[in-house]
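Listed below, chain by chain, are the residues.
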Amino acid sequence: MEADALAKAQLAELAERYRRLVELSADATCVHESGVITYANPAALDLFGAQSTTEVVGRPVTDFVVTERDRDEKPGGEPVETVVKRVDGSTFAVETVSLRTGDEAASAIQVVIRDVATRRAAAAQAALVSQVSDAIVAVTGDGIVTSWNPAAETVYGWTAGEAVGRPAREVLGADPDPAAIQLAGGVVQQTHHHREGAPLSIRISAAEMNDGHVLVCADETARRRAEQHYRTVVAALDEGVLVVGPKCLIESVNPAASRILGVPADELIGVPCSSLVLFDESGHRLPEDELPSISTRRTGITQNGLVLRLRRADGRDVWVALTSRLLNPDDPAGVSVVTSFTDITERRAISARLAHDATHDPLTRLANRTLVLDRLDRRDRVSPTTVLFLDLDKFKIINDSLGHSVGDQVLRIVGERLRRATAAVDVVGRFGGDEFVVVTAGATADAEVRSLAAHLRSVLAEPISVHGRELHVNASIGIVLVAAGDQRSAEGLLRDADVAMYQAKALGRGRYEFFDVALRERMQRRLRMEQDLRDAVHSGQLWPAYQPVVDLHTGEMVGVEALLRWTHPGHGAISPAEFIPLAEESELINEIGKFVLRDTTREVAALRSSRGLDLSLKVNLSVRQLEDPQLVPAVRDALATTGLPPSALCLEVTESALMRDEVAAAEVLAALRSLGVLLAIDDFGTGYSSLAQLRRLTLDTLKIDRSFITGIADSRDAAAIVASIIAMAHAVGLTVVAEGVETAEELALLRELGCDQAQGYHLGRPLPAAELFAQ
């Protein structure tokens, strides 16, 4: 019995100790039987927010436990997370451990409840410390490291195991001195060192904790290095950079900005940005509220590539290409603005020179075709305008005989005279060669324009002295009167003025002509005819007709003159008076001349051979042909190919062609003479030559122009002139041929005067060879 009593006493003592332990435990503990709470320790009452046991004991456990995992399972001592409701209805997460007490018959369950919120907060804090990029170091009061997060390992190169327990100055590479940091405001910049010795730029903050400090070390080495690189780059830029702060004061200036502005950087810091004097491309000064930095700060809109003129402090102007943008585009307040600018003064000057060169003639510095067209396109179409197109007459002679340097000097003087003879607002241009244009709105009435044209011609006619030579030039001028509202294009106006100029040349040069629609139509026909003539050379439309040349002593045909004819497929027969000048102007005459030589020599050679005729062939040469270096080879080739004897070919040259350049003509005629052909001067009496001059050219035949023959039978004076020409020609050994004999009376008188040969309609019209020799 005593033993039982002792055992009970010991068990009671143990139960009391357990009760007291549970009562004093910080863990909430409660017991429930059959789902009803029978016990709750003080910690459980605090957890449930109850003031006494009566608010908890006796109530169903479900009033406090909202969810409980594995409720149907037997309690096994494994922690379970669940949600508990306080007396006031609030809930919070807990972790419970349930243990069954007693036997199966007395089913009581003891539940230990732990608040996991505090544990989770601590875990979250530990996780945060482990995840942040800043090094977080805890040190004791005497500077020994007690905590070292992963970021600290990365920044300093020490593992946590190596760092904890060591002095902070050793692992940080510098003495952090937390007390000094706190006295300095809690945050300072320090230089620490990596474990391997590399310097680190650290922003360090210190806070007291327990008996030591917590140090937060932000590694700014990369940022500081980037800032240094940025400062170095900005300082090295040729582009000026200003930072304008919230109060529109200049806060930062790079060396290029100081150089461009002409002001030392320290004198610009703190100066209002409105002190910059800027002008737009039109020369208007920008108002203060339109200055790029102020406008960008106000609107947030970047202003990019503005071209402005900046007035420096020394009064000199520079042109800049300027961009203004927010320093931080993500800052809605837009407190600071970056203005960058490049000095483009020299580039702009070069561009201006290039633009000028692109629109001006390099020789005379007058406007070129591009600029003249532009000005005509942009003309005031509500007001009349006049276009004068000038072409220098016979300028090619100056260029060819005296050289291009003299020709260029003449063109410069002509350009300067035209510039001085016109108003400053007029456009004076050169189109290349010897073509000039004047566009004026100052002379638009007929009388005014005539006066201006006459004035320009008289100015150009004044002698020009070049290298000791006195030269004279004249001009043919085409004029277009452009009425208000005229819708012709610039190209159209110049084309019409050019047409009128060519008409002035065709009517004798050294004059002016006004354009009209009929003139354009004539010129268009002329252009069409020129193209058709090019086609005619290769399509068989051109053919030679032959006019008999008769010996006045025997009455026999001794020769034929080849005369070119054109049968146009659309217009029929085209007069030689129309197409021969076209051929000469377009330089088709050389090609046509070779064609005539080949065909006529072949045809006459065949007639001489087949009919046994002693017949000569007379072929005309134009001025252009005499200038063609291929003339002599072409004659040689025609004779060799056809077999016509050289003595049977007589080449006829007009008097004016011979006198145009006597020296050059003499050389060509001598070369032709060396081939054995005969030479004749055609249309004698229409020029200014003398027989003495002609004798130096070693000619064989002289042909008297038809103007002297017509009416000779009725005019004693005409007969006397012809008799004199015949006598003088015979005196120098020339055979005389009279052209244009139309009547028997004229033929009889020429025979009486001693003329050798004659041709004309009275003796025979020009006919194809087959018809002429069929008679």
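For every chain, the first residue of the written sequence is number 1, and numbering continues from 1 onward in sequence order. This being a predicted model, a pLDDT of at least 70 is required before a residue's local features are given, and a value of 80 or more before pairs of side-chain atoms are given or counted; all residues contribute to the totals for chains, interfaces and linings. Side-chain figures throughout are based on the complete set of non-hydrogen atoms in the structure, without hydrogens or water.

**Student:** Quick rundown of the packing of helix 13 (residues 369–377) against helix 17 (residues 490–506)? Include the residues and the values.
**Tutor:** An axis is simply a line fitted to the C-alpha atoms; with a helix, the fit covers only the stretch in contact. Between two such axes, the angle follows the N-to-C directions and lies from 0 to 180 degrees. The helix count covers DSSP runs of H or I at least four residues long, the strand count covers runs of E at least two residues long, and both are numbered beginning at the N terminus. Between helix 13 and helix 17, the shortest axis-to-axis distance is 8 Å and the interhelical angle comes to 115°. Comparing the axis directions of helix 13 and helix 17 gives the class roughly perpendicular. Helix 13 and helix 17 meet at a crossing whose hand is right-handed. On helix 17, the residues touching Arg369, Val372, Leu373, Leu376 and Asp377 of helix 13 are Ala490, Glu491, Leu493 and Leu494. Angle categories: roughly parallel below 35 degrees, roughly antiparallel above 145, roughly perpendicular from 65 to 115, and oblique for all the rest. Each crossing gets its hand from how the near helix is turned against the far one by less than a right angle, where anticlockwise is left-handed and clockwise is right-handed. Should any heavy atoms of two residues lie within 4.5 Å, those residues are counted as being in contact.

**Student:** Which residues make up the confidence of the model for the protein chain, and what values go with them?
**Tutor:** Where the model shows low pLDDT, its predicted coordinates should not be examined in detail. By definition, pLDDT measures how confident the predictor is in each residue, and it falls between 0 and 100. Across the protein chain, the average pLDDT comes to 86, with 91% of residues at or above 70. Here helix 3 (residues 116–131) stands out as the element of the protein chain with the lowest mean pLDDT, 54, in contrast to strand 33 (residues 757–758), whose mean of 96 is the highest.

**Student:** So, the nonpolar core: which residues are in play, and what are the values?
**Tutor:** Nonpolar cores were defined as sets of buried Ala, Val, Leu, Ile, Met, Phe, Trp, Tyr and Cys residues, with membership established by side-chain atoms within 4.5 Å. When a residue's accessible area, from a 1.4 Å probe over protein chains only, is under 20% of the maximum for its type it is buried; when over 50% it is exposed; and in between it is partly exposed. Counting 76 residues, the largest nonpolar core has Val635, Leu649, Leu651 and Leu672 as its most contacted members. Per-element tally for this core: the top contributor is helix 20 (residues 589–611), with eight residues.

**Student:** Talk me through the packing of aromatic side chains; I want residue IDs and the actual numbers.
**Tutor:** Pairing of aromatic rings covers Phe, Tyr and Trp, the last counted by its six-membered ring, and requires centre-to-centre distances within 6.5 Å; plane angles under 30 degrees mean stacked, over 60 mean edge-to-face, and any other angle means tilted. Evaluated as defined, the whole model comprises five aromatic pairs. Remark: a charge is flagged as sitting over a ring if the NZ atom of Lys or the CZ atom of Arg is within 6 Å of the ring centre and within 35 degrees of the ring normal. Over the ring of Trp158 we find Arg195; its NZ or CZ atom is 4.3 Å from the centre of that ring. For the cation-ring pair, Arg348 lies above Trp319, with the distance from its terminal atom to the ring centre recorded as 3.7 Å.

**Student:** Break down the pattern of salt bridges for me, with residues and values.
**Tutor:** Oppositely charged side chains can form a pair if their charged atoms are brought close together. We define a salt bridge as a side-chain nitrogen of Lys or Arg found within 4 Å of a carboxyl oxygen belonging to Asp or Glu. For the coordinates displayed, the defined rule picks out 31 salt bridges. Asp357 is paired through a salt bridge with Arg365; the nearest N and O atoms lie 3.2 Å apart. Accessibility expressed as a relative area gives 43% for Asp357, which makes it partly exposed. Of the residues examined, Arg365 reaches a relative accessible area of 37% and is grouped as partly exposed. Measuring nitrogen to oxygen at the nearest pair gives 2.6 Å for the salt bridge that ties Lys505 to Asp393. Of this pair, Lys505 sits in helix 17 while Asp393 is found in strand 18 (residues 385–393), placing the two residues 112 residues apart along the sequence. Judged by its relative accessible area of 15%, Lys505 is buried.

**Student:** Describe helix 16 (residues 446–461), naming the residues involved and giving the relevant values.
**Tutor:** Residue pairs spaced three or four apart in an α-helix point in one direction, given the helix's 3.6 residues per turn. The terminal C-alpha atoms of helix 16 lie 23 Å apart, and with 16 residues this matches the ideal 22 Å at 1.5 Å per residue to within 8%. If you check which residues of helix 16 are buried, you get Val449, Leu452, Ala453, Leu456, Val459 and Leu460. Along helix 16, the residues classed as buried sweep out an arc of 130° about the axis, all on the same side. Contacts from the buried residues of helix 16 go to strand 18, helix 15 (404–421), strand 20 (435–440), strand 23 (474–482) and strand 24 (512–514). One fewer than the residue count of a helix, multiplied by 1.5 Å, yields its expected span. Throughout, the arc means that of the directions going from the helix axis to the C-beta atoms.

**Student:** Please provide a residue-by-residue account of the sheet that holds strand 7 (residues 135–140), values included.
**Tutor:** Should DSSP find at least two bridges between two strands, the strands are taken to pair. Reading across from one edge, 8-7-11-10-9 is the order of the five strands in this open sheet, with antiparallel pairing throughout. With partners counted over all chains shown, the strands left at the sheet margins are strand 8 (145–148) and strand 9 (187–193), one partner each. Between one strand axis and the next, the sheet turns through 30° on average, direction left out of account. The pairing of strand 9 with strand 10 (residues 199–209) spans seven bridges and is antiparallel. Looking across to strand 10, one finds that Val187 is bridged to Ser205.

**Student:** Describe in detail the environment of Val271, supporting the description with residues and values.
**Tutor:** Its location among the elements puts Val271 in the loop between helix 10 (265–268) and strand 14 (277–279). For the pair Val271 and Leu249, spaced 22 residues apart in sequence, the C-alpha separation works out to 5.4 Å. Leave out the neighbours within four places in its chain, and Val271 touches Cys248, Leu249 and Ile250.

**Student:** With reference to specific residues and values, describe helix 27 (residues 716–731).
**Tutor:** For helix 27, with 16 residues, the first-to-last C-alpha span of 22 Å sits near the 22 Å given by 1.5 Å per residue. Buried within helix 27 are the following residues: Ala718, Ala719, Val722, Ile725, Ile726 and Ala729. All buried residues of helix 27 project into a common sector of 125° when viewed along the axis, lining one side. Exposed residues on helix 27 whose side chains face more than 90 degrees from its buried face are Arg716, Asp717 and Ala731.

**Student:** Before we move on, can you summarise the sheet that holds strand 17 (residues 337–343) with the specific residues and values?
**Tutor:** Strand order in the open sheet formed by six strands is 13-12-17-16-15-14, with antiparallel pairing between adjacent strands. The strands lining the two open edges of the sheet, one partner per strand, are strand 13 (250–253) and strand 14. Across the sheet, the mean angle separating the axes of adjacent strands is 35° when strand polarity is ignored. Note: strand 14 against strand 15 (residues 303–311), three bridges, orientation antiparallel. Following the sheet pairing, Val277 is matched in strand 15 by Arg311. Set on the sheet, helix 11 (residues 292–299) makes contact with strand 12 (240–244), strand 14, strand 15, strand 16 (317–326) and strand 17; between it and strand 16 the angle comes to about 15°. Where helix 12 (residues 345–359) meets the sheet, it contacts strand 15, strand 16 and strand 17, and its direction lies at approximately 115° from that of strand 16.

**Student:** Give me the environment of Leu749: which residues, what numbers.
**Tutor:** Take Leu749: it is sitting in helix 28 (residues 744–753). For the pair Leu749 and Ala723, spaced 26 residues apart in the sequence, the C-alpha separation amounts to 9.9 Å. When residues no more than four places from it in sequence are discounted, the contact partners of Leu749 are Ile712, Ala713 and Ala719.

**Student:** Which residues make up unusual backbone geometry, and what values go with them?
**Tutor:** One non-glycine residue, Lys394, adopts positive backbone phi at about 55°. On the secondary structure map, Lys394 appears in the loop between strand 18 and helix 14 (395–402). Judged by relative accessible area, which is 56%, Lys394 ranks as exposed. Positive phi outside glycine occurs at Arg509, with the angle close to 65°. Here Arg509 lies in the loop between helix 17 and strand 24.

**Student:** Lay out the pairing of strand 11 (residues 212–219) in plain terms, naming residues and giving numbers.
**Tutor:** Most of strand 11 sits out of view: six of its eight residues are buried. As paired strands, strand 7 and strand 11 are joined by six bridges and run antiparallel to one another. Counted as the bridge partner of Ile136 is Val216 from strand 11. Where strand 10 lies against strand 11, eight bridges are found, and the strand directions are antiparallel. Each residue of the ladder has a partner; that of Ala207, found in strand 11, is Val214. In sequence, strand 10 turns back onto strand 11 through a hairpin of two residues, with Asn210 there showing a positive phi of about 50°.

**Student:** Just give me the short version of the packing of helix 20 against helix 22 (residues 631–642), but keep the residues and values in it.
**Tutor:** Across the interface, helix 20 lies against helix 22 with an axial gap of 9 Å and an inter-helix angle of 25°. With respect to helix 22, the axis of helix 20 lies roughly parallel. Regarding helix 20 and helix 22, the two cross each other, and that crossing is right-handed. Across from Lys594, Leu597, Arg598, Thr601, Arg602 and Ala605 in helix 20, the residues of helix 22 making contact are Ala634, Val635, Ala638 and Thr642. Residue classes follow a fixed rule: Ala, Val, Leu, Ile, Met, Phe, Trp, Tyr, Cys and Pro count as nonpolar, while Asp, Glu, Lys and Arg count as charged, and any other residue, Gly among them, counts as polar. Residue composition of the contact of helix 20 with helix 22, grouped by class: five nonpolar, two polar and three charged.

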